[in-house]
Amino acid sequence: MTKDVTSTEARIREAIESIREAIQQDGGDVEFVSYDDLSKTVYVSLQGACVGCPASVMTLKMGIERAVKKVAPDVEYVEAV
């Protein structure tokens, strides 16, 4: 039995939406790009003030990745493209 990738992607999108407002308050933004089920990797695009910000790595790992893994524990990585 294969997992429903669409369902996983929907949960990932919801997790990203749930933290977007906090990122936007600091002048940045995050957008879902894709999910690779084989590598268990979520790809996002950091925008606005996040581009070039030294704290963007923390935002990616401690904010976005944590939120995504909470709702989709099978995700192993979240990477900015």
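Scroll up to find the structure this text is about.
All values reported here derive from a predicted model rather than from experimental measurement.

Participant: Even after reading the chapter, I still don't get the pattern of salt bridges, so can you show me in this structure?
Facilitator: A side chain with one charge can pair with a side chain of the opposite charge if their charged atoms come near. Within this structure, the stated rule accounts for 6 salt bridges. The partner of Asp37 in a salt bridge is Lys40, and the shortest N-O contact between them spans 3.1 Å. A salt bridge links Lys61 to Glu65; the nearest nitrogen and oxygen atoms lie 3.1 Å apart. Pair noted here: Lys61 and Glu65 are both in helix α2 (residues 56–71), with a separation of 4 residues, about one helical turn. When its relative accessible area of 36% is taken as the criterion, Lys61 is described as partly exposed. Residue classification places Glu65 among the buried residues on the basis of a relative accessible area of 12%. Several salt bridges converge on common partners, so that one network encompasses Glu17, Arg20 and Asp29.

Participant: Would you take a moment to explain the nonpolar core for this structure?
Facilitator: Across soluble globular proteins, nonpolar side chains show a tendency to be buried alongside one another. Membership of the largest hydrophobic core comes to 19 residues, with the highest contact counts inside it found for Ile12, Ile16, Val42, Ile64, Val68, Val75 and Val78. Elements that contribute at least two residues to this core include exactly α1 (5–25), β1 (28–36), β2 (41–48) and α2. The dominant element in this core, judged by the number of residues it contributes, is α1, at 5 residues. When residues no more than four places from it in sequence are discounted, the contact partners of Ile12 are Phe32, Tyr35, Val42, Val68, Ala72 and Val75.

Participant: Can you help me understand the sheet that holds β2 in this one?
Facilitator: What links the strands of a sheet is backbone hydrogen bonding, and the strands pair in either a parallel or an antiparallel sense. The mixed open sheet is built from 3 strands, whose spatial order is β1-β2-β3. The outermost strands of the open sheet, each flanked by one partner alone, are β1 and β3 (77–80). Pairwise comparison of adjacent strand axes, ignoring direction, gives a mean angle of 30° for this sheet. In the sheet, β1 pairs with β2 via 8 bridges, with the strands oriented antiparallel. Bridging across to β2, Val30 finds its partner in Leu46. Against the sheet, α2 touches β1, β2 and β3, its axis set at about 140° to β3.

Participant: Is there a simple way to think about unusual backbone geometry in this case?
Facilitator: Excluding glycine, residues mostly have negative phi values, and the peptide bonds linking residues are mostly trans. The phi torsion at Lys40 lies on the positive side, around 60°, for a residue other than glycine. Tracing the sequence through the fold places Lys40 in the loop between β1 and β2.

Thresholds applied
All residue numbers refer to positions counted from 1 along the written sequence of the respective chain. pLDDT decides what is reported in this predicted model: residues at 70 or higher carry local features, side-chain atom pairs at 80 or more are listed and counted, and totals for whole chains, interfaces and linings draw on all residues regardless. The basis for every side-chain value is the complete set of heavy atoms in the structure, and neither hydrogens nor water enter the calculation. Salt bridge, as used here: a side-chain nitrogen of Lys or Arg that lies within 4 Å of a carboxyl oxygen of Asp or Glu. Each helix corresponds to a stretch of at least 4 residues labelled H or I by DSSP, and each strand to a stretch of at least 2 residues labelled E; elements are numbered beginning at the N terminus. Only protein chains enter the accessibility calculation, which uses a 1.4 Å probe; a residue whose area is less than 20% of its type maximum is buried, one above 50% is exposed, and one in between is partly exposed. Buried Ala, Val, Leu, Ile, Met, Phe, Trp, Tyr and Cys residues form a nonpolar core when they are joined through side-chain atoms within 4.5 Å. We call two residues in contact whenever any of their non-hydrogen atoms come within 4.5 Å of each other. When DSSP finds two or more bridges between a pair of strands, those strands are recorded as paired. A fitted line through C-alpha atoms serves as each axis, taken over the contacting stretch for helices, and the angle formed by two N-to-C directions is quoted from 0 to 180°.

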